[in-house]
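Observations on the model geometry
One letter stands for each residue in the lines below.
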Amino acid sequence: MRMEGICKSFEEIKVLHNLNLTVDEKEITCILGPSGCGKSTVLNIMAGIIKPDGGVLKDNKNKVGYVFQEDRLLPWKTVYENIKIVNKKATDLKVKNLVNIVGLNNFENKYPAQLSGGMRQRCSIARAFNFESEMLLMDEPFKSLDYDLRIKMVKSLIDIWHKWNNSVVFVTHEIDEAILLGNKIVVLSKNPCTVDTIVNINIPQHLRSLDDRELIGVRTRLIKILSKQKKESTFKSA
Ligand SMILES: Nc1ncnc2c1ncn2[C@@H]1O[C@H](COP(=O)(O)OP(=O)(O)OP(=O)(O)O)[C@@H](O)[C@H]1O
């Protein structure tokens, strides 16, 4: 999927300007960028939820899954039913396996109101995995989870993605998530949002560890880019 020259304004605010971004087939593309720069807007345009003012989308996928920042579960359905509903052909074994992967095995008959925020989000992640989309868009899906659980979910995502081999676009504020997951990390800038830097990582995901020398180098580079952006935006608003 390619975004070419995408522009989007909300009233007088120009959010995206001439944005070019490629999501490679069967790869994980991570998107990092300052708060409010337009990351969710990019995903919403990819999903067809909002229309750009200009530019084109090429090779768009028909079957797109989306994990939003909030869980969006059906309150009258149980954990099991919420996962099953998006793919009625999924076997009981498959749904139960997904429930296990996200660590909700003792909660499959509970309703969303009986779960914590993090558990609800894990249920919505299992639901997205069950949907078997050609392209999965994930908007800070692990935001409500603590660090250990987040790293565990990153590893589960890698395992499932290996089996399933689709394209994933993963928006995050967490550099460690991006360097564990991304074949490509796209850093966006703010005001208006455009591609600042692209970092490719060639180490296969299942061989990555946060103390790899190459990944430590990538982390340092990303920290520098993001803190430079922060300084520039403080300077602009001063
Ligand atoms: N429907 C909308 N109407 C008006 N303004 C909007 C709308 N959606 C987004 N915006 C504005 O567009 C800008 C980018 O928002 P967006 O949510 O895409 O950023 P983001 O990078 O995902 O933010 P965060 O990192 O905080 O989640 C913000 O200034 C936001 O207020």
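Residues numbered from 1 in each chain as written. Predicted model: local features only at pLDDT ≥ 70, side-chain atom pairs only at ≥ 80, totals over all residues. Heavy atoms only, no water.

1. Quick look at the UniProt feature "domain: ABC transporter" (unreviewed entry) in the chain
- With numbering matched to this structure, UniProt assigns "domain: ABC transporter" (unreviewed entry) to residues 1-215.
- Note that residues 1-215 is 32% helix and 25% strand, and that its end C-alpha atoms are spaced 27 Å apart. (UniProt positions renumbered as here; feature names shortened; annotations may be inferred. Helix = DSSP H or I, 4+ residues; strand = E, 2+ residues; numbered from the N terminus.)

2. Describing the layout of surface pockets
- Roughly 370 Å³ of internal volume is contained in the largest pocket.
- Along the walls of the largest pocket sit 16 residues, with Pro34, Leu226, Gln229, Lys230 and Ser233 positioned nearest its centre.
- The residue makeup of the lining of the largest pocket, split by class, is 3 nonpolar, 8 polar and 5 charged.
- Computed from the structure, the second largest pocket encloses a volume of approximately 160 Å³.
- Taken together, Lys94, Asn97, Leu98, Ile101, Phe129, Glu132, Ile160, Lys163 and Trp164 make up the full set of residues lining the second largest pocket.
- Elements with a contribution of two residues or more to the lining of the second largest pocket: helix H3 (92-101) and helix H5 (147-164).
- If you tally residues by element for the lining of the second largest pocket, the top one is H3, at 4 residues.
- Residues belonging to the lining of the second largest pocket are distributed by class as follows: 5 nonpolar, 1 polar and 3 charged.
- Taken domain by domain, the makeup of the lining of the second largest pocket includes at least three residues from each of domain 1 (2-63 + 133-210) and domain 2 (70-132). (1 Å grid on protein atoms, 1.4 Å probe; cavity = no way out; pocket = protein on both sides within 12 Å on 5 of 7 lines; lining within 4 Å. Points joined across faces, edges and corners; volume = space filled by probe spheres on them. Nonpolar A, V, L, I, M, F, W, Y, C, P; charged D, E, K, R; others polar. Domains from an automatic or database assignment.)

3. Some thoughts on the confidence of the model for the chain
- In the predicted model, the chain carries a mean pLDDT of 91, and the fraction of residues at 70 or more is 98%.
- ipTM for the predicted complex: 0.96, alongside a pTM of 0.92. (pLDDT = per-residue confidence, 0-100.)

4. Some details on unusual backbone geometry
- Cis geometry marks the peptide bond from Asn191 to Pro192; its omega dihedral reads -15 degrees.
- Positionally, Pro192 belongs in the loop between strand E8 (184-188) and strand E9 (195-200).
- For Asn18, which is not glycine, the phi dihedral falls at a positive 50 degrees.
- Tracing the backbone shows Asn18 in strand E2 (residues 13-22).

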